[in-house]
Amino acid sequence: MKRRVTKAVFPVAGLGTRFLPATKSIPKEIMTLVDRPLIQYAIDEARAAGIKEFIFVTSRGKSALEDYFDHAPELESSLRKKGKKELLKTLKSTNMESGAIAYMRQHKALGLGHAVWCARRLIGNEPFAVILPDDVIAAEKPCLQQMVEAHAETGGNMVAAMEVAPDKSSSYGVLDIAKDMGSMVSVRGMVEKPAPEEAPSNLAVIGRYILTPEIMRNLNKMKSGAGGEIQLTDAIAQEIEKSDNVYGYRFRGQRFDCGSKAGYLQATVAFGLARDELCDELSDYLESMVNMRRAAQ
Ligand code: G1P
């Protein structure tokens, strides 16, 4: 019988230098889309997929993340006294069960593969998910849930995948497709950040993974790869040689690269427009901006 996926690793040790000076004092995962931090979107997606244990791989300067997931009794009681029921509900929806979160330090920035490997003892011998909170995915059915359902059929290792423009291949892990079955592809190779002329396809890895514990064993022996970093992509690619059980999953949904300023701003607009209370005002404003630009041309 296949084991259910109940553990997820959230690599949140990155310095977030693209968002300096903001990230001088706040972790980038605390930056908000409308009013929810990026990490909250990742947690909500994991919960919807049945994840019960949340493992954060952090680094120095990330204590605001630990505080964010703590209960806030003073704030709660003050909202209760003032009868602010809706806000209280919002606040409580972020509370995590005691013992559900573990924090693990990555002492050196040696790459995504190394960050995931730091969680190996907490993962043990179980399949696990990895969520990169920079990749925010708006979807009717949350992306990881789609993957968990697909994974129940295939088992093995699965990465979220999306077609990208050929000239963008050097920002992603890219799949070499063995067989294309539509929403699912079987994979015969994976390359981290290839130059466009070396990319085996334009199907890129997006930050959602369901992995077998063998990946941790591969990471035990992994040497540095692209960019001089220990790459998760390489540890997954190694598994193809050994057991031929790696799949790409074309999820349904809109992905925003919140690790880049343009992607973050686009996500802010999209998630703002998705809110009933903001939609009219925001779309009027956007329309007036477009008209102004047209008039100036
Ligand atoms: C990481 C992975 C890469 C993947 C990407 C998705 O790269 O290494 O394979 O395509 O996330 O966002 P990063 O963006 O952290 O450089």
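Just above sits the structure.
Throughout what follows, the structure given in this document is the object of discussion. (Residues numbered from 1 in each chain as written. Predicted model: local features only at pLDDT ≥ 70, side-chain atom pairs only at ≥ 80, totals over all residues. Heavy atoms only, no water.)

Glancing now at the site of the ligand. By nearness alone, 13 residues border the ligand, and Asp135, Gly173, Glu192, Lys193 and Val205 come closest of all. In this structure, Asp135 approaches the ligand through a side-chain N or O atom, which is 2.7 Å from an oxygen atom. In this structure, Gly173 approaches the ligand through a main-chain N or O atom, which is 2.9 Å from an oxygen atom. Coverage of the ligand by the protein amounts to 76% of the 380 Å² it exposes when considered alone. Looking at the shell around the ligand, the element that brings in the most residues is strand E11 (residues 203-211), giving three residues. (Near = heavy atom within 4 Å. Polar contact = N/O pair within 3.5 Å; in protein donor to acceptor, adjacent residues only side chain to side chain. Areas by Shrake-Rupley, 256 points an atom, 1.4 Å probe, with all protein chains shown as cover. Helix = DSSP H or I, 4+ residues; strand = E, 2+ residues; numbered from the N terminus.)

Further remarks concern the nonpolar core. Of all hydrophobic cores here, the largest spans 37 residues; its most connected members are Phe10, Phe54 and Phe56. Counting residues per element, the ones that place at least two in this core are strand E1 (7-11), helix H1 (38-48), strand E4 (53-58), strand E6 (128-131), helix H7 (143-154), strand E8 (157-163), E11 and strand E12 (246-250). Setting aside its immediate chain neighbours within four residues, Phe56 contacts Phe10, Val12, Ile39, Ile43, Phe69, Ile101, Ala102, Tyr103 and Met104. Core analysis: the next-biggest nonpolar cluster, separate from the first, contains 32 residues, Val205, Ile215, Leu232 and Ala235 among them. (Core = buried A, V, L, I, M, F, W, Y, C linked by side-chain atoms within 4.5 Å. Buried < 20%, exposed > 50% of the residue type's maximum accessible area, 1.4 Å probe, protein only. Contact = heavy atoms within 4.5 Å.)

Remember, this is a structural readout, not a statement about activity or role.
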